[in-house]
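Listed below are the residues making up each chain.
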Amino acid sequence: MSSVFHRVENRPLPVAVRAEGSCVWDAEGKRYLDAAGGAIVVGIGHGDRDVAASMEEQASAVAFAHGTQFTTPALEAYAAELAPLLPMEAPRVYPVSGGSEAVETALKLARTYHLARGDSGRHKVIARWGSYHGNTLGALDASGRPPLRAPYGPWLGRVVHVPAANEYRCPFDTHPQGCGERHAELLERAILEEGPDSVACFIAEPVVGATLGAVAPPDGYWPAVREVCSRHGVLLVADEVMTGFGRTGAWFGSDHWGLRPDILTAGKGASSGYWPLGLTVCSGEIFEAVVAGGFVHGFTNSHSAVGAAVGRAVLAKLRDGGLVEASRIKGERLLKELSEALADEPHVGDVRGLGLMIGIELVADRQTKAPFARAEHVTEGVLAAARESGLLLYPSPGGADGTNGDAFMLGPPFVITDEELTEAVEKTHAAIVAAASPARP
Ligand SMILES: Cc1ncc(COP(=O)(O)O)c(C=O)c1O
């Protein structure tokens, strides 16, 4: 009997003992093609010795230096190398231990910015339904994913939500004309209803991750949203925890639309899973405003020297290995091949994505886009069939109406080979046929 409180207790978990490139092996010798990159985390590939060495080197030199007592060469170098890649002016990087911490930090930073400017009434956060920002209470309140919120409802409710743009299920009668702009109007309406002087920030994922399954907005969305936020003095927080560091085929998801957020959060791909690393980044303007009065915040493990060394080594791999470009090119191929392979599958409603961040939505009825009932657990069935065949996929259930809806994601490492891409397409197809098709004519 195990003494671990596992994430999953309803089935035995295989024991991972080795990982290399795009594959993970368990203790029984079974190979898994990690088309999920864990949880859309691993960009540079598993088993990178250089990154492991950077960790050892830094830990041997200085493993821990508290952020209120020291800075470190690793941290200074990492931030300096990252800064030119970030979609903002004179960025300042605040490293933390993961995506949820990065989001908490971003929300507090937005509040602190307004306080520093004497705008003390601005405290409200607007986020979107169909979004995920983390599982700590502030980040969970921003998240628009009802099943995750439900048990903790009594602790939540401060954050205001507007809809996310989802072209596959667009509610506007003018679709596909001007959908992005109409969403920006909904955001503006929410700001006006709340009272513009009370709104601190709007937080959203540039491309929605696991809540909807790799959903990119129409091109008009981000420019229109940026304009609304700027006009009302509302800070725009781009949550790039999943989309950052090359996942969408650009350094940051924001880059696809020339979006310049005021604050940006990252995690996952920043360290490719080699270290628990998250980042909150703000523009120089925000930093200058905040720094005079101080930022009442901090974590014991923020500004980690080892985390920075690992982040820097991962950044070098992405940059020197041309891996962001690889994500774009391989992503285009994977999207095309999946779309072709699944074109005649009766329960495949949509195949979409950007770079190596791809979503497949399954529906009970292709014409009406009616979802399966969540109780049928179609997503879980596909994932189980894939796992059985040695393919790891990432679940995105609930996207059709917040509760029902079946989707899953592919987000493999950017070093995935041509043969592995073909394997991913074939095994994904087979898993869908096995789990979603036979019982349903
Ligand atoms: C967009 C986004 N924000 C925040 C988070 C939370 O990150 P973490 O799980 O590292 O706390 C996630 C995790 O999936 C995410 O996808």
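Now for a description of the structure that goes with this document. Keep in mind that what you see is a predicted model, and the values were worked out from it rather than measured. (Residues numbered from 1 in each chain as written. Predicted model: local features only at pLDDT ≥ 70, side-chain atom pairs only at ≥ 80, totals over all residues. Heavy atoms only, no water.)

## Concerning the environment of A214
At step 1: Topologically, A214 is positioned in the loop between β7 (199–204) and α8 (221–231).
At step 2: As a C-alpha pair, A214 and A385 span 171 residues in sequence and 21 Å in three-dimensional space.
At step 3: The contact partners of A214, leaving out residues within four places of it in the chain, are V207, V208, G209, R352, G353, M357, I358, G359 and M409. (Helix = DSSP H or I, 4+ residues; strand = E, 2+ residues; numbered from the N terminus. Contact = heavy atoms within 4.5 Å.)

## Concerning a nonpolar patch on the surface
At step 1: On the surface, a cluster of nonpolar side chains totalling about 340 Å² of accessible area is made up of L137, Y152 and W155.
At step 2: Among the structural elements, Y152 can be located in the loop between α6 (146–149) and β6 (160–162).
At step 3: Among the residues examined, Y152 registers a relative accessible area of 37% and is labelled partly exposed. (Patch = residues over 30% accessible without salt bridge, like charges linked within 9 Å, V, L, I, M, F, W, Y side chains within 5 Å. Areas by Shrake-Rupley, 256 points an atom, 1.4 Å probe, with all protein chains shown as cover. Salt bridge = Lys/Arg side-chain N within 4 Å of Asp/Glu carboxyl O. Buried < 20%, exposed > 50% of the residue type's maximum accessible area, 1.4 Å probe, protein only.)

## Focus on helix α13 (residues 418–436)
At step 1: Here α13 is 19 residues long and its end C-alpha atoms lie 27 Å apart, about the 27 Å a rise of 1.5 Å per residue gives.
At step 2: All of the buried residues along α13 are E420, L421, E423, A424, V425, T428, A431, I432 and A436. (Expected span 1.5 Å × (residues − 1).)

## Let's talk about the sheet that holds strand β1 (residues 16–20)
At step 1: In spatial order, the strands read β1-β2-β3; together these three strands make up an open sheet with antiparallel pairing. A single partner strand is all that each edge strand has here, and the edge strands are β1 and β3 (31–33). On average, each strand axis in the sheet is tilted by 25 degrees relative to the strand beside it, whichever way the strands run.
At step 2: Packed on one face of the sheet, α13 meets β2 (23–26) and β3 and runs near 90 degrees to β3. (Pairing = 2+ DSSP bridges. Axes fitted to C-alpha atoms, helices over the stretch in contact; angles between N-to-C directions.)

## Quick notes on the pairing of strand β12 (residues 357–362)
At step 1: When you tally the buried positions in β12, you get six out of six residues, the bulk of the element.
At step 2: By the alternation rule, side chains of β12 split into M357, G359 and E361 and I358, I360 and L362, which are all buried.
At step 3: Pairing of strand β11 (residues 348–354) with β12, which is carried by six bridges, proceeds in the antiparallel orientation. Within β12, the position partnered with V351 by the bridge is I360.
At step 4: The turn linking β11 back onto β12 is made up of two residues, and G355 within it adopts a positive phi angle of 55 degrees.
At step 5: Where β12 lies against strand β14 (residues 406–410), five bridges are found, and the strand directions are antiparallel. Within β14, the residue paired with G359 across the bridge is M409.

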